[in-house]
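So the chains spell out like this:
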Amino acid sequence: MDIGVVIKKYRKEAGMTQEEMANRLGVTTPAVNKWENSNSKPDIELLAPIARLLDISLDTLLSFHEKLSDTEIEEIIRKMDKMFSEEGYEKTYEWALRLIKEYPNCNMLIWQLRQCLILYVQGRM
């Protein structure tokens with residue numbers, strides 16, 4: 001999710017106007033508007049103050065738990081395959097559920113985990 005979308009979502013949840021947010025961060029209202037419309041990004045030095053103001057983590061602000069690269073997903077699947085043989089289905093399933101909770105918006109990861117669990121149950125892994 002774009003940082004502007006995240007800022008707008010949590011600003012509105014906090015019941016704050018763009019002007020209020022701008023005043024509290026020491027920026028202009030048009031700057032906040034530009035962030036929320038994805039016309040610009042906040043300065044890196046403002047990321048922590050924005051997160052604190054919106055009462056969210058930097059991970060949430062930057063959508064860290066939303067996006068995993070294909071390489072990261074492949075590594076998770078390799079780990080899962082190893083876990084099946086070393087730990088068994090139940091522990092691997094619990095681990096997969098924790099990953100889904102950690103990355104709830106990463107559809108490719110969720111789909112890959114699901115496929116592996118299905119294949120394991122069918123005896124193909």
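Report on the accompanying structure.

Rules used in this analysis
- Residues numbered from 1 in each chain as written.
- Predicted model: local features only at pLDDT ≥ 70, side-chain atom pairs only at ≥ 80, totals over all residues.
- Heavy atoms only, no water.
- Axes fitted to C-alpha atoms, helices over the stretch in contact; angles between N-to-C directions.
- Helix = DSSP H or I, 4+ residues; strand = E, 2+ residues; numbered from the N terminus.
- Parallel < 35°, antiparallel > 145°, perpendicular 65-115°, else oblique.
- Left-handed = near helix turned anticlockwise from the far one by under 90°.
- Contact = heavy atoms within 4.5 Å.
- Nonpolar A, V, L, I, M, F, W, Y, C, P; charged D, E, K, R; others polar.
- Polar contact = N/O pair within 3.5 Å; in protein donor to acceptor, adjacent residues only side chain to side chain.
- Phe/Tyr/Trp six-rings, centres within 6.5 Å; stacked < 30°, edge-to-face > 60°.
- Buried < 20%, exposed > 50% of the residue type's maximum accessible area, 1.4 Å probe, protein only.
- Salt bridge = Lys/Arg side-chain N within 4 Å of Asp/Glu carboxyl O.

### Considerations on the packing of helix 7 (residues 89–102) against helix 8 (residues 107–121)
No. 1: Viewed as axis vectors pointing N to C, helix 7 and helix 8 meet at an angle of 170°, and their least axial separation amounts to 10 Å. Classified by the interaxial angle, the pair formed by helix 7 and helix 8 is roughly antiparallel. Where helix 7 crosses over helix 8, the two elements pack in a sense that is left-handed. Residues Tyr89, Tyr93, Ala96, Leu99 and Ile100 of helix 7 form the contact with helix 8, whose own contacting residues are Leu109, Ile110, Leu113, Leu117, Tyr120 and Val121.
No. 2: When the residues that make up the contact of helix 7 with helix 8 are grouped by side-chain class, the tally is 11 nonpolar, no polar and no charged.

### A closer look at the side chain of glutamine 18
No. 1: Here glutamine 18 shows up in helix 2 (residues 18–25).
No. 2: Here the side chain of glutamine 18 touches asparagine 33 through a polar contact of 3.3 Å, side chain to side chain.

### Thoughts on the side chain of threonine 92
No. 1: Examined against the element boundaries, threonine 92 turns out to sit in helix 7.
No. 2: In terms of polar contacts, threonine 92 uses its side chain to reach the backbone carbonyl oxygen of methionine 83, at 3.4 Å.
No. 3: Only 3.5 Å separates the side chain of threonine 92 from the backbone nitrogen of phenylalanine 84, close enough to count as a polar contact.
No. 4: With residues up to four places along the chain from it excluded, the contact list for threonine 92 reads Met80, Met83, Phe84 and Glu87.

### What about the packing of aromatic side chains?
No. 1: Tallied over the entire structure, the rule returns four aromatic pairs.
No. 2: Judged by centre distance (4.0 Å) and plane angle (5°), the rings of phenylalanine 84 and tyrosine 120 are stacked. Placement of phenylalanine 84 in helix 6 (residues 70–87) and of tyrosine 120 in helix 8 is noted, with a sequence separation of 36 residues between them.
No. 3: For tyrosine 120, a relative accessible area of 27% corresponds to the partly exposed category.
No. 4: Geometrically, the ring pair formed by tyrosine 89 and tyrosine 93 is stacked, given 5.9 Å between the ring centres and 20° between the ring planes. Taken together, the positions of tyrosine 89 and tyrosine 93, both in helix 7 and four residues apart, correspond to about one turn of that helix.
No. 5: On the basis of relative accessible area, tyrosine 89 is assigned to the partly exposed category, the value being 31%.
No. 6: Each residue in the set Phe84, Tyr89, Tyr93 and Tyr120 is aromatic and connected to the rest through ring pairs, giving one cluster.

### Observations concerning the pattern of salt bridges
Pairs can form between side chains of opposite charge once their charged atoms are near each other.
No. 1: If you walk through the whole model with that rule in mind, you get four salt bridges.
No. 2: With its nearest N and O atoms 2.7 Å apart, the salt bridge here joins lysine 41 to aspartate 2. With a gap of 39 residues between them, lysine 41 in the loop between helix 3 (29–36) and helix 4 (47–54) and aspartate 2 in the segment before helix 1 (3–13) connect regions that are remote in the sequence.
No. 3: Since its relative accessible area comes to 27%, aspartate 2 is described here as partly exposed.
No. 4: Here arginine 78 makes a salt bridge to glutamate 75, at a shortest N to O gap of 3.0 Å. Separated by three residues within a single helix, arginine 78 and glutamate 75 lie in helix 6, roughly one turn from each other.
No. 5: Exposure remark for glutamate 75: the relative accessible area of 44% places this residue in the partly exposed category.

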